[in-house]
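# Observations on the model geometry
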Amino acid sequence: MQSLWKMLFFAVIVFSLAACEKSPNGSQANDSAAKAGKKAANSDIASSELISQIKASGVLKVITRNAPTTYFIGRDILPKGPEFDMAEAFASHLGVELEIIEKPSIQAVIAALRNKEGHIAAAGLTQTKARAKEFMFGPNYQDITQQVVCRRDNVQPEAINELIGLNIMVAEGTAYSERLKELKEQYPTLSWVESSELSTEQILYKVWQREIDCSVADSNIVDLNRRYFPELIAPFNLARSENLAWMLHKSSAGLSAELDNWYLEYEKSGRLESMLDQYYGFFEVFDYVDTRTFIRRVEKRFPEYTQYFSDAATKYKLPFHLLAAQAYQESHWLADAISPTGVRGIMMLTQKTAKEVGVKNRLNPKQSIFGGARYLAKIRTHRFVDEVKEPDRTWLALAAYNVGRAHLHDAQILARKLNLNPHKWADMKQVLPLLSEKRYYKDLRYGYARGTEPVRYVQRIREYQHIIENELD
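Residues numbered from 1 in each chain as written. Predicted model: local features only at pLDDT ≥ 70, side-chain atom pairs only at ≥ 80, totals over all residues. Heavy atoms only, no water.

At a minimum axis separation of 7 Å, helix α16 (residues 392-403) and helix α17 (residues 405-417) run at an interaxial angle of 125°. When the axis of α16 is compared with that of α17, the two are oblique. Counting all contacts with α16, which are made through L396, A399, A400 and V403, the residues of α17 involved are R405, H407, L408 and Q412. (Axes fitted to C-alpha atoms, helices over the stretch in contact; angles between N-to-C directions. Helix = DSSP H or I, 4+ residues; strand = E, 2+ residues; numbered from the N terminus. Parallel < 35°, antiparallel > 145°, perpendicular 65-115°, else oblique. Contact = heavy atoms within 4.5 Å.)

Within the secondary structure layout, S195 lies in strand β10 (residues 193-195). Note on S195: relative accessible area 12%, which makes it buried. The residues contacting S195, other than those within four sequence positions of it, are M169, V170, A171, E172 and I203. (Buried < 20%, exposed > 50% of the residue type's maximum accessible area, 1.4 Å probe, protein only.)

To continue, consider the packing of aromatic side chains. All told, the structure shown has 18 aromatic pairs when counted by the stated rule. Between F294 and Y464 the ring centres are 4.5 Å apart and the planes differ by 40°, which places this aromatic pair in the tilted class. Highlighted residues: F294 in helix α11 (residues 288-300) and Y464 in helix α20 (residues 452-472), separated in sequence by 170 residues. Take F294 and Y464: they sit in the same class, and that class is buried. Centre to centre, the rings of Y328 and W333 are 4.8 Å apart; their planes meet at 70°, and the pair counts as edge-to-face. Note on W333: relative accessible area 1%, which makes it buried. (Phe/Tyr/Trp six-rings, centres within 6.5 Å; stacked < 30°, edge-to-face > 60°.)

Turning our attention to unusual backbone geometry. For the bond running from E390 to P391, omega is 5°, close enough to zero to count as cis. You can see P391 is positioned in the loop between α15 (365-382) and α16. Positive phi, close to 55°, is recorded for K317, a residue that is not glycine. You can see K317 is positioned in the loop between α12 (306-315) and α13 (320-331). The exposed category is assigned to K317, whose relative accessible area is 72%. Phi at M348 is positive, roughly 50°, even though this residue is not glycine. With respect to the helices and strands, the residue M348 is situated in the loop between α13 and α14 (351-356).

What follows deals with the pairing of strand β1 (residues 59-65). For β1, a buried count of five out of seven residues is recorded, marking the element as mostly surrounded by other parts of the structure. For β1 and strand β4 (residues 97-103), the ladder comprises seven bridges, and the chain directions are parallel. Pairing of L60 across the sheet is with L98, part of β4. Where β1 lies against strand β5 (residues 120-121), two bridges are found, and the strand directions are parallel. Residue pairing in the sheet places I63 in a bridge with A121 of β5. (Pairing = 2+ DSSP bridges.)

In this section: the packing of α12 against α13. Across the interface, α12 lies against α13 with an axial gap of 8 Å and an inter-helix angle of 125°. Comparing the axis directions of α12 and α13 gives the class oblique. For the element pair α12 and α13, the recorded crossing hand is right-handed. Contacts between α12 and α13 involve T306, F309, S310, A312 and A313 from the former and F320, L323, A324 and A327 from the latter. Of the residues contributing to the contact of α12 with α13, the split by class is seven nonpolar, two polar and no charged. (Left-handed = near helix turned anticlockwise from the far one by under 90°. Nonpolar A, V, L, I, M, F, W, Y, C, P; charged D, E, K, R; others polar.)

One open sheet accounts for three strands, arranged β11-β8-β12; its pairing is antiparallel. The open sheet has two edge strands with one neighbour each: β11 (214-218) and β12 (232-233). Direction of pairing for strand β8 (residues 146-151) relative to β12: antiparallel, over a ladder of two bridges. Residue C150 lies in a different strand from β12, and its bridge partner there is I233. Where helix α7 (residues 200-208) meets the sheet, its contacts fall on β8, β11 and β12, and the angle it forms with β11 comes to roughly 145°.

Let us look at the nonpolar core. F309, L323, W333 and W425 are the most contacted members of the largest nonpolar core, which has 60 residues in total. Of all the elements in the fold, those that place two or more residues in this core are α11, α12, α13, α15, α16, α17, α18 (425-431) and α20. Setting aside chain neighbours within four positions, we find L323 in contact with F309, A312, A313, L318, M347, I369 and A373. (Core = buried A, V, L, I, M, F, W, Y, C linked by side-chain atoms within 4.5 Å.)

Here's what the structure looks like:
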């Protein structure tokens, strides 16, 4: 009997083991599937928990770098920059404060995101295949092109093979480095140096100083820096158009979805366009000769009138550099300037305007500067409804100074007919050129006007203002 029980016990053991071996996709597979499902569920929970954590802490942490195209501290000691403005808007959408985590380079920004020091990396980051393997990307908010950058009186390569043998430097860990590595497969002798210490902007300065031959930078960075270093040129593009976007950790799916929802409204409302116009809208056309001449005149001609501009700007509550830039656009800072139409002086006042603002001698630089400042301040303060906010109020006031308030009023009426916003400069600069087309001006009270002139006028003033600020720093 005892031996029978032993045999039965042995049979049960063998049967159990056989059942396990015959079911490799059975209970063991079910366990694996359950674990995978649990892991995915935990990931979703963690992702949604991230937004809850951000809201509970009251802080959105954004990693960036200090540069004119990303984030910087302005002359008013307040943070500014394209990435900062968008990050602040997204933080406001979440109902939390924005905390900026500043890093010295793109490589450091990416490393910080990898280590989860912040929730989002917003630093002018190009979407690349290598980055997409490790991180998630938010919506595309700006198109750029990688450009080769050299100094016009040094070397001017016109194709990739002409880069071979040149002294080329790019910032380490950038999309430029990735692109050059791709090109090296086709051009094995192509070589370059990657700097872990210098930013793209600092490397462009070395190009300008002739310390290196060329570099690579995004087109928006090139546009901005050519205003400071007008001898820089971009002889050709290194890649097709690419997209800038924010980067998030792979575990941030919930935050990414919330970012997508916010961005749709941000773009639809026109806020993205206004932001891009604020920082890049005045860099559409580059004139090397004019810019170089202007910088020289800032050094030699401007000091004679600096105090007048400063005092007038203070008296009439105008930005000092803006007033100086407007005067340069009007007369190139020539006190005795006279136009064929009869306007004259450093602020090019008409007789009617001069009388209105109490200027007796339009060729007297002090009287002209104070008179022009008073007139611009009057337009800016009293000629627009309260719904017109800055900086649009200033750009519209400058346009009115140039083309006349009557024609600007016509353009605002036309804007409404075209379902555009008469209080936004981004819309109005599209409408003003239409004042020279008969199909539009024939139904307007004040008729024809050369509407492209005020658009160009505002754009150049903004260019000059930007350069003056940089030159006087």
